[in-house]
Amino acid sequence: AQSVAQPEDQVNVAEGNPLTVKCTYSVSGNPYLFWYVQYPNRGLQFLLKYITGDNLVKGSYGFEAEFNKSQTSFHLKKPSALGSDSALYFCAVRDGSATNKLIFGTGTLLAVQP
Amino acid sequence: NAGVTQTPKFQVLKTGQSMTLQCAQDMNHEYMSWYRQDPGMGLRLIHYSVGAGITDQGEVPNGYNVSRSTTEDFPLRLLSAAPSQTSVYFCASSQRTTSYEQYFGPGTRLTVT
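A quick note: this is a predicted structure, and the numbers were derived from the prediction, not measured. (Residues numbered from 1 in each chain as written. Chains lettered and ligands numbered in written order. Predicted model: local features only at pLDDT ≥ 70, side-chain atom pairs only at ≥ 80, totals over all residues. Heavy atoms only, no water.)

J.: Any chance you could explain the overall build of chain B here in plain terms?
T.: Scanning chain B from N- to C-terminus turns up 0 helices and 11 strands. By the compact-globule yardstick of 13 Å for 113 residues, chain B fits well, its C-alpha radius of gyration being 13 Å. In terms of its C-alpha atoms, chain B occupies a principal-axis envelope of roughly 40 × 30 × 25 Å. Counting all 113 residues of chain B, 49% fall into the buried class. Contacts in chain B between residues at least 24 apart in sequence constitute 53% of all its contacts with a sequence separation of at least 6. Only carbon and sulfur atoms are counted for the fraction: they give 48% of the accessible area of chain B, which is about 5200 Å². (Helix = DSSP H or I, 4+ residues; strand = E, 2+ residues; numbered from the N terminus. Rg over C-alpha atoms; globule rule 2.2 N^0.38 Å. Buried < 20%, exposed > 50% of the residue type's maximum accessible area, 1.4 Å probe, protein only. Contact = heavy atoms within 4.5 Å. Areas by Shrake-Rupley, 256 points an atom, 1.4 Å probe, with all protein chains shown as cover.)

J.: Just to check I follow, could you spell out the overall build of chain A for this structure?
T.: A count of helical and extended segments in chain A gives 0 helices and 12 strands. In sequence order, the secondary structure elements of chain A are arranged as β-β-β-β-β-β-β-β-β-β-β-β. Compactness check: chain A gives a C-alpha radius of gyration of 14 Å against a globular reference of 13 Å for 114 residues, within 12% of the reference. Each principal axis of the C-alpha distribution contributes one length, and for chain A these read about 45 × 30 × 20 Å. In chain A, which comprises 114 residues, the proportion classed as buried is 47%.

J.: Is there a simple way to think about the pairing of strand E3 (residues 19-25) of chain B in this case?
T.: Every other side chain in a regular strand lies on the same face of the sheet, so the side chains alternate between the two faces. Residue and element names in this part refer to chain B. The alternating pattern of E3 places Met19, Leu21, Cys23 and Gln25 on a buried face and Thr20, Gln22 and Ala24 on a face that is not buried. Looking at chain direction, strand E1 (residues 4-7) and E3 are connected through 4 bridges and run antiparallel. Of the residues in E3, the one forming a bridge with Thr5 is Ala24. Relative to strand E8 (residues 76-78), E3 is paired through 3 bridges, and the arrangement is antiparallel. By the bridge assignment, Thr20 is partnered in E8 with Arg77. (Pairing = 2+ DSSP bridges.)

J.: Help me understand the pattern of salt bridges in this model?
T.: Two side chains bearing opposite charge may form a pair once their charged atoms approach each other closely. All names here are of chain B. Per the stated rule, a full pass over the model turns up 6 salt bridges over all chains. For the salt bridge of Asp38 with Arg44, the shortest nitrogen-to-oxygen distance reads 2.8 Å. Accessibility classification places Asp38 together with Arg44 in one group, the buried group. Beyond isolated ion pairs, a larger network of salt bridges with shared partners links Arg36, Asp38 and Arg44. (Salt bridge = Lys/Arg side-chain N within 4 Å of Asp/Glu carboxyl O.)

J.: What should I look at first to understand the interface of chain A and chain B in this one?
T.: It is common to report an interface's size as the accessible area lost on association of the parts. Of the residues lining the interface, 23 residues belong to chain A; the matching set on chain B comes to 24 residues. Remark: the boundary between chain A and chain B carries 1 salt bridge. Linking Lys49 of chain A and Glu101 of chain B is a salt bridge whose minimum nitrogen-to-oxygen distance equals 3.2 Å. Our enumeration of links across chain A and chain B arrives at 4 residue pairs in polar contact (both at pLDDT 80 or more). Contributions of two or more residues to the side of chain A that touches chain B are made by strand E5 (33-38), strand E6 (44-50), strand E10 (87-94) and strand E11 (102-104) of chain A. (Polar contact = N/O pair within 3.5 Å; in protein donor to acceptor, adjacent residues only side chain to side chain.)

J.: I tried to follow the nonpolar core on my own but got confused; where do I start?
T.: Generally speaking, nonpolar side chains in soluble globular proteins are found buried as a group. Residues and elements named next belong to chain A. Trp35, Leu47, Leu48, Phe74, Leu76 and Tyr89 are the most contacted members of the largest nonpolar core, which totals 27 residues. Among the elements of the structure, strand E2 (10-14), strand E3 (19-21), E5, E6, strand E8 (64-68), strand E9 (73-78), E10 and strand E12 (108-113) are those that each provide at least two residues to this core. When residues in this core are grouped by element, the largest group, 4 residues, is from E10. Ignoring any residue separated from it by four or fewer positions in sequence, one finds Phe74 in contact with Cys23, Leu33, Phe34, Trp35, Leu48, Lys49, Tyr50, Ala65, Glu66, Phe67 and Cys91. (Core = buried A, V, L, I, M, F, W, Y, C linked by side-chain atoms within 4.5 Å.)

J.: I tried to follow the layout of surface pockets on my own but got confused; where do I start?
T.: Over the atoms rolls a probe the size of a water molecule, and in doing so it shows where empty space is left. In this model, the largest pocket occupies a volume close to 610 Å³. Taken together, 28 residues line the largest pocket, and the ones lying closest to its centre are Gln38 of chain A together with Gln37, Val88, Phe90 and Arg109 of chain B. Of all the elements in the fold, those that place two or more residues in the lining of the largest pocket are E10 of chain A together with strand E9 (87-94) and strand E11 (108-112) of chain B. The class makeup of the residues in the lining of the largest pocket is 12 nonpolar, 11 polar and 5 charged. Residue lining of the second largest pocket: 14 residues in total, with Leu44 of chain A together with Val4, Phe104, Gly105 and Pro106 of chain B positioned closest to the centre. (1 Å grid on protein atoms, 1.4 Å probe; cavity = no way out; pocket = protein on both sides within 12 Å on 5 of 7 lines; lining within 4 Å. Points joined across faces, edges and corners; volume = space filled by probe spheres on them. Nonpolar A, V, L, I, M, F, W, Y, C, P; charged D, E, K, R; others polar.)

J.: Looking at this structure, how should I read the pairing of E2 of chain A?
T.: All names here are of chain A. The alternating pattern of E2 places Val11 and Val13 on a buried face and Gln10, Asn12 and Ala14 on a face that is not buried. In the sheet, E2 pairs with E12 via 5 bridges, with the strands oriented parallel. For Gln10, the partnering residue across the bridge sits in E12 and is Leu109.

J.: Would you mind showing me how to read the environment of Thr24 of chain A here?
T.: Structurally, Thr24 of chain A is set in strand E4 (residues 24-26). The sequence separation of Thr24 of chain A and Pro7 of chain A amounts to 17 residues, and the corresponding C-alpha distance is 8.3 Å.

Below you can see the structure in the form of structure tokens.
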């Protein structure tokens, strides 16, 4: 069965420092991977996706993610964190069926400190 | 475009009551889905639809019904509310092709007492 793991409940980073939010996955076949962000009391917003092609995917708000097939990882990164990046981040994988069902990780709270 | 809209934003129910959470999208998306979000559990799929007249169950469908009579609307019905259904509910839509990202509504916070 398809699954996604986000091993960190919370990541703390100082403003201006690089940040990484980790995600590992388990799928049969080729993975379709996504990152979403949720600000307080809001719905989820799409950040970026990996379908095929380059392993480094660029997305919204300066975020990027690196797809690593051998390590089955899809970590979210940003070179310099901003206070406005503080939010809840979700990794997701398509479930492998012909539909667009997503399986979400449990989320990682990113706290950017001044 | 308004995107994905949900009503109401907040709702309090007593155990045993029924209600319908509304969801609408104006992007002509074929795929729509309902998730519930609970602390420490991420988002779990309740029901989904790949087009008008077609619905199917997700991971946690018990206690919920859906229908899809039009492309735009995808209401979620709670048949007899239980405290375990206290959660935040999100509706999402996307183009049917599986490589497309989903667009989420702002959510409905439901409390069942």
